[in-house]
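Descriptive structure summary
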Amino acid sequence: MVGSLACVGIGMTLGAHICPLAKSYIEQADVVFSGVSNGIVELWLQEMHSDVRSLQVYYSEGKSRHITYREMVDAMLSEVRAGKKVVGAFYGHPGVFAHAPHKSIELAKAEGFDAVMVPGISAEDCLIADLGIDPGKFGCQQFEASQFMFYKRRFDPSCYLVLWQIGLAGDKSMAKFATGAAHRQVLIELLTEQYPLDHEVILYEAAVLPIDTVRKQTLTLSELAEAEIFMHTTLVIPPSQKMQPNHEVQERLKQIEEEAEQELRKQRVASLE
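Only a predicted model underlies this, so the values are computations on that prediction, with no experimental measurement involved.

**Things to note about the packing of helix α3 (residues 65-81) against helix α4 (residues 99-110)**
α4 packs onto α3 with a crossing angle of 45 degrees between their chain directions and a minimal axis gap of 9 Å. Here α3 is positioned oblique relative to α4, judged by the angle of their axes. Every pair of crossing elements has a handedness; the one defined by α3 and α4 is right-handed. Here Y69, M72, V73, M76 and L77 of α3 come into contact with α4, specifically with H99, A100, K103, S104, L107 and A108. Here the contact of α3 with α4 is built from residues that sort into 8 nonpolar, 2 polar and 1 charged.

**Considering α4**
Taking 1.5 Å of rise per residue, the 12 residues of α4 would be expected to cover 16 Å, and the 17 Å separating its terminal C-alpha atoms lies within 8% of that figure. Taken residue by residue, α4 has A100, P101, S104, I105 and A108 as its buried positions. Along α4, the residues classed as buried sweep out an arc of 125 degrees about the axis, all on the same side. Opposite its buried face, α4 presents the exposed residues K109 and A110, each directed more than 90 degrees away. Among the structural elements, β1 (4-9), α3, β4 (85-90) and β5 (114-118) are those in contact with the buried residues of α4. Just past α4, the residue G112 takes up positive phi, approximately 90 degrees.

**A look at the pattern of salt bridges**
Under the definition given, this model contains 10 salt bridges. Note that E106 is salt-bridged to K103, the shortest N-O span being 3.6 Å. Of the two residues, E106 and K103 are both situated in helix α4; the distance of 3 residues between them amounts to about one turn of the helix. Given a relative accessible area of 47%, E106 falls into the partly exposed group. The partly exposed category is assigned to K103, whose relative accessible area is 29%. Taken together, the shared-partner salt bridges connect D51, R53, E79 and K84 into one network.

**Comments concerning the nonpolar core**
In terms of nonpolar packing, the biggest core is built from 23 residues, with L161, L163, I166, L191 and L235 touching the most fellow members. Mapped by element, the contributors of at least two residues to this core are α7 (145-150), β7 (160-164), α8 (181-191), β8 (200-205) and β10 (234-237). With near-sequence residues (within four places) excluded, L191 lies in contact with F148, F155, L161, L163, L221, L235 and I237.

**Focus: unusual backbone geometry**
In this structure, F97 takes a positive phi of about 50 degrees despite not being glycine. Assignment of secondary structure puts F97 in the loop between β4 and α4. On the accessibility criterion, F97 (45% relative accessible area) is partly exposed.

**Quick notes on the UniProt feature "coiled-coil region" (unreviewed entry) in the protein**
According to UniProt, the "coiled-coil region" (unreviewed entry) feature falls on residues 246-273. What you have in residues 246-273 is 93% helix and 0% strand, and the ends, taken at the C-alpha atoms, are 42 Å apart.

**Side note on the sheet that holds strand β9 (residues 215-220)**
Reading across the sheet, the 5 strands line up as β6-β7-β10-β8-β9 and stay open at both edges, with mixed pairing between neighbours. Since the sheet does not close on itself, it has two edges, and those belong to β6 (140-144) and β9, each with one partner. Strand after strand, the sheet turns through a mean of 20 degrees between neighbouring axes, direction not considered. As paired strands, β8 and β9 are joined by 6 bridges and run antiparallel to one another. The residue bridging L203 from the neighbouring strand is Q217, located in β9.

**Notes on empty space enclosed by the protein**
This structure, assessed with the given rule, holds 1 cavity of 30 Å³ or more. Here the largest cavity is characterised by a volume of approximately 50 Å³. Along its surface, the largest cavity is lined by E124, L127, I128, I133, P135, C140, Q142, Y160, V162 and W164. At the level of elements, α5 (123-131), β6 and β7 are the ones that each hand at least two residues to the lining of the largest cavity.

**Some thoughts on the layout of surface pockets**
In this structure, the second largest pocket encloses a volume near 160 Å³. Contributing to the lining of the second largest pocket are 14 residues, with S4, A6, Y25, K85 and V87 lying nearest its centre. The set of elements that each furnish at least two residues to the lining of the second largest pocket consists of β1, α1 (20-28), β4 and β5. Looking at the lining of the second largest pocket, the element that brings in the most residues is α1, giving 4 residues. Of the residues in the lining of the second largest pocket, the class split is 9 nonpolar, 3 polar and 2 charged.

What counts as what
- Residues numbered from 1 in each chain as written.
- Predicted model: local features only at pLDDT ≥ 70, side-chain atom pairs only at ≥ 80, totals over all residues.
- Heavy atoms only, no water.
- Axes fitted to C-alpha atoms, helices over the stretch in contact; angles between N-to-C directions.
- Helix = DSSP H or I, 4+ residues; strand = E, 2+ residues; numbered from the N terminus.
- Parallel < 35°, antiparallel > 145°, perpendicular 65-115°, else oblique.
- Left-handed = near helix turned anticlockwise from the far one by under 90°.
- Contact = heavy atoms within 4.5 Å.
- Nonpolar A, V, L, I, M, F, W, Y, C, P; charged D, E, K, R; others polar.
- Expected span 1.5 Å × (residues − 1).
- Buried < 20%, exposed > 50% of the residue type's maximum accessible area, 1.4 Å probe, protein only.
- Arc of directions from axis to C-beta.
- Salt bridge = Lys/Arg side-chain N within 4 Å of Asp/Glu carboxyl O.
- Core = buried A, V, L, I, M, F, W, Y, C linked by side-chain atoms within 4.5 Å.
- UniProt positions renumbered as here; feature names shortened; annotations may be inferred.
- Pairing = 2+ DSSP bridges.
- 1 Å grid on protein atoms, 1.4 Å probe; cavity = no way out; pocket = protein on both sides within 12 Å on 5 of 7 lines; lining within 4 Å.
- Points joined across faces, edges and corners; volume = space filled by probe spheres on them.

As structure tokens, then:
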């Protein structure tokens, strides 16, 4: 018996977002590992399969998430190597802010096993729908909050800026479940290089259970440090400036269009001669 691995996304809202393909993988698996943050969601998975094993047990306060992720990967791969059809069922999209699915698939393929990823509705998809944002209107930049702070990233105040996991903003230990107001104050100071303190931002949290209320709290950037923030809270910063026209590029494109039109006229004249 040859083992295999499928990391599938079950979406954000319980039961509402799972696609038929992900559901089929879960039902036909030998063992299912669940990477979900809500116990009710795990109970729902257990209704689909008799052998669901939680990956949440590998998390603990003060323990590096590097170790946690490695243990998750080892747990799934050990069953694949034992010849079982293994499914990792992750909330949202299994490839978005999820190290274990990517690494598990990479290792499984390197060892010659079949391994696939099935996408799911992510927090980003819910954010776009819940906040009525069209990334195509002004553009959208996205960063993990700590990475945004640790590195010199270029960000454009004329588009949307989305910072994920601001509840952990500034944490280098990879062992905390939260940072505090002091860390967020550093983030605020970084953002004020481009945004005024009275600029309105949004704290967003997707609905996990059908009875949950979507959080879309508007506040000013200056109020962010003392706001109630959780691990799953996302910071959305709307544009503060208008897009600046690139006149040089627009002029070049205009010339290209004019030259193309001139050539077309020549061809039409030549066809009449």
